[in-house]
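Report on the structure
Here is what each chain is made of, one letter per residue.
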Amino acid sequence: MEHITNCIVLHGQLQDIPQFSHENHGRQFFRFCLEVPRLSGAVDILPVIAEENLLSGLELWPGECYTVTGQIRSHNIRENGRRHLLIFVFANALLCEDGEPINDVLLEGPLCREPNYRRTPLGREICDVMLA
């Protein structure tokens, strides 16, 4: 069997107070976003889903810095007859702490199809890959 890794570490500012997202098998999950600046100065707003027990005992304040460790997950939804792919971070750990912004991702797994190398209209080089 091939090695599979899915790990992400984010450190940024909490954009909003966690809001109820959904319930699954009697467990409640909440959604919030972290603002994580890039080296270029642009800011990514990254959606995070966390189980209720991960949030209990923490006082979460917008504007405060948090570190989230977890996995990248995706989910297809249908809206108005169209399909949308939602990509988010599924949190395994959440800490309130100061520090430099972090957006580190490690994904390893078998390729589902050949990588597609391309250039954007602005001349940026991109390689699209699909991992199992």
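Each remark here, short or long, concerns the structure printed above.
Residues numbered from 1 in each chain as written. Predicted model: local features only at pLDDT ≥ 70, side-chain atom pairs only at ≥ 80, totals over all residues. Heavy atoms only, no water.

Turning our attention to the layout of surface pockets. Within this model, the largest pocket holds a volume of roughly 520 Å³. Asn6, Ile72, Ser74, Leu107 and Leu131 are the residues nearest the centre of the largest pocket, which is lined by 15 residues in total. Broken down by secondary-structure element, the contributors of at least two residues to the lining of the largest pocket are strand S1 (5-14), strand S5 (65-79), strand S6 (82-96) and strand S7 (102-108). Broken down by element, the residue count for the lining of the largest pocket peaks at three residues, all from S5. Within the lining of the largest pocket, the residues separate by chemical class into nine nonpolar, four polar and two charged. By volume, the second largest pocket is sized at about 350 Å³. (1 Å grid on protein atoms, 1.4 Å probe; cavity = no way out; pocket = protein on both sides within 12 Å on 5 of 7 lines; lining within 4 Å. Points joined across faces, edges and corners; volume = space filled by probe spheres on them. Helix = DSSP H or I, 4+ residues; strand = E, 2+ residues; numbered from the N terminus. Nonpolar A, V, L, I, M, F, W, Y, C, P; charged D, E, K, R; others polar.)

Another point: the state of the cysteines. Scanning the model with the defined rule gives zero disulfides in all. Cysteine 7 forms no disulfide, and the closest cysteine sulfur to it belongs to cysteine 33, at a distance of 20 Å. Owing to a relative accessible area of 33%, cysteine 7 belongs among the partly exposed residues under this scheme. Looking at cysteine 127, it has no disulfide partner, and the nearest cysteine sulfur is the one in cysteine 112, 14 Å off. (Disulfide = S-S within 2.5 Å. Buried < 20%, exposed > 50% of the residue type's maximum accessible area, 1.4 Å probe, protein only.)

As a further point, take the nonpolar core. Counting 17 residues, the largest nonpolar core has Leu10, Phe32, Leu34, Val48, Leu55, Val68 and Leu94 as the members making the most contacts within it. Only S1, strand S3 (27-37), strand S4 (43-51), S5 and S6 provide two or more residues apiece to this core. Broken down by element, this core gets its largest block of residues, four residues, from S3. Contact partners of leucine 94, with chain neighbours within four places excluded, come to Phe32, Leu54, Leu55, Leu58, Leu60, Tyr66, Thr67 and Val68. (Core = buried A, V, L, I, M, F, W, Y, C linked by side-chain atoms within 4.5 Å. Contact = heavy atoms within 4.5 Å.)

This part is about the pattern of salt bridges. For the coordinates displayed, the defined rule picks out four salt bridges. With a shortest N-O distance of 3.1 Å, arginine 27 and glutamate 51 are connected by a salt bridge. Of this pair, arginine 27 sits in strand S3 while glutamate 51 is found in strand S4, placing the two residues 24 residues apart along the sequence. Measuring nitrogen to oxygen at the nearest pair gives 3.8 Å for the salt bridge that ties arginine 119 to glutamate 125. (Salt bridge = Lys/Arg side-chain N within 4 Å of Asp/Glu carboxyl O.)

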